[in-house]
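# Residue-level structure breakdown
If you want the building blocks of each chain, they are given just below.
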Amino acid sequence: MVSLVYGLQDVRVLNKVNELVKNFLDDINEFTYVIYDAEKVSLQDIVSDANTLPFGFDKKVILIKNPYFLSSAKEPKLPFEVNYDSFIEFLKQDNPSSMIILSFVGDIDNRKSLVKTIKGYAKLYEISDIEKNEWNVIAKRLFNELDVKLSEESLNFFVSRMNNDLGHMIREVEKLALYSKNITKEDIELLVAKPLEENSFLMVDAIINNDLNTLLSIYQDLKLQNEEPTRILALITNQLSLQYQVSSLAASYSEKEIASMLNIHPYRVKLMIQKMRKLSNKDILYIIDKMAKLDYEIKTGEIDKYQGIELFFIKIMG
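The shown structure was predicted, so the numbers you read here are calculated from the model rather than taken from an experiment. (Residues numbered from 1 in each chain as written. Predicted model: local features only at pLDDT ≥ 70, side-chain atom pairs only at ≥ 80, totals over all residues. Heavy atoms only, no water.)

## Some thoughts on the pattern of salt bridges
Going by this rule: Salt bridge, as applied in this entry: a Lys or Arg side-chain nitrogen positioned within 4 Å of an Asp or Glu carboxyl oxygen. Labels follow the DSSP assignment, with helices taken as runs of H or I lasting at least four residues and strands as runs of E lasting at least two, numbered in each case from the N terminus. Relative accessibility decides the category of a residue: with a 1.4 Å probe and only protein chains considered, values under 20% of the type maximum give buried, values over 50% give exposed, and everything between is partly exposed.
Applying the stated criterion across every chain, the model contains 11 salt bridges. As a salt-bridge pair, Glu19 and Lys16 come within 3.1 Å of each other at their nearest N and O atoms. A residue pair is termed a helical-turn pair when its members lie 3 or 4 positions apart in one helix, as Glu19 and Lys16 do in helix α1 (residues 10-24) at three residues. Judged by relative accessible area, Glu19 falls into the partly exposed class, the value being 38%. Across the salt bridge formed by Lys185 and Glu153, the nearest N and O atoms sit 3.9 Å from each other. With Lys185 in helix α8 (residues 185-191) and Glu153 in helix α6 (residues 152-160), this residue pair connects regions lying 32 residues apart in the sequence. For Glu153, a relative accessible area of 51% corresponds to the exposed category.

Have a look at this one:
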């Protein structure tokens, strides 16, 4: 049998996987529970292992991590030839002694024929995301479990830096608990990195204000956090595109109407309208066009991704 466990929170997905494994296996060990990375081992080899029970045991679980074939992202370069036939055959069987678990964090591409086939035969476990009003409750519980005290203001500030990532939240709570049992907003500002999206706002502000030092400083911090340069580029492009939309609508609509049309907070619209005086739509389109070209050059290996972005920032601020 095949089970598909998917959702947006890696911790919740992992918890469900562990629950399935415990319920299926009487004895969990290195022979009965095997983990494979789908980007490193072919599905043919994984299925072959799933069909072979370990000596002395009557059940086996295979966990497949990074099932790239469920995503809409471009298929990674693989060290083997892709063939789904044996996996589909296993999927359609009702094998009571062997289970394959597909563990996926992210949005599944339901348009793919393979995904449709999997959903037609596998046992599905869609793990719900965390609602907006739940984050503070979860964070408070995590801090309480470690006897950490903090104000409501500090708690709100902490949650704002978590970028809706439960695993990240758990790790940051544990880090802060080691630092002090009485956490202030200043402690959080010092020890907890800004989420990438917030940094992208600040980078766009630096571009608009022609502040190269701030722009490069934020970028260096992101490099230390191992953020992928192309992802940084994509977020900056998105912010600039949003700025362009706001600027284009500002002459005909109110801040409230623009906020409703673009599904963003009115205060954010207000700030973007203020920035219109410093960066024209023509300038925005020019930068977006150059960033698209840089993204292509990075992805095709024409330019080093780290050095390429730094040189790009220096050029557009020149």
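## Thoughts on the packing of helix α2 (residues 43-50) against helix α3 (residues 85-92)
Selection rule: Lines fitted to the C-alpha atoms define the axes, with helices restricted to the stretch that makes contact. Angles between their N-to-C directions range from 0 to 180 degrees. Whether two residues are in contact is decided by their heavy atoms, any of which lying within 4.5 Å being enough. Polarity classes work like this: nonpolar for Ala, Val, Leu, Ile, Met, Phe, Trp, Tyr, Cys and Pro, charged for Asp, Glu, Lys and Arg, and polar for all others, with Gly in that last group.
Between α2 and α3, whose axes approach to 8 Å, the crossing angle comes to 35 degrees. For the pair formed by α2 and α3, the contact residues are Leu43, Gln44, Val47 and Ala50 on the first element and Ser86, Phe87 and Phe90 on the second. Classifying every residue of the contact of α2 with α3 gives five nonpolar, two polar and no charged.

## A closer look at the sheet that holds strand β2 (residues 33-37)
We count it as follows: At least two bridges found by DSSP between two strands are what make those strands a pair.
Taking strand neighbours across the sheet as the criterion, the five strands line up as β2-β3-β4-β1-β5 in an open arrangement whose pairing is parallel. A single partner strand is all that each edge strand has here, and the edge strands are β2 and β5 (123-127). Sheet twist, expressed as the mean angle between neighbouring strand axes with direction ignored, is 20 degrees. Pairing of β2 with strand β3 (residues 60-65) involves five bridges; the strand directions are parallel. Looking at β3, one finds that Ile35 is bridged to Leu63. With respect to the sheet, α1 is in contact with β1 (2-7), β2, β3, β4 (98-105) and β5, its orientation differing from that of β4 by roughly 175 degrees.

## A few points about unusual backbone geometry
Despite not being glycine, Asp147 has its phi angle at roughly 60 degrees, a positive value. Structurally, Asp147 is set in the loop between α5 (135-145) and α6. Asp147 sits in the exposed class, given a relative accessible area of 56%. The backbone phi angle of Asn210 is positive, close to 55 degrees, even though this residue is not glycine. Residue position: Asn210 is located in the loop between α9 (196-208) and α10 (212-224).

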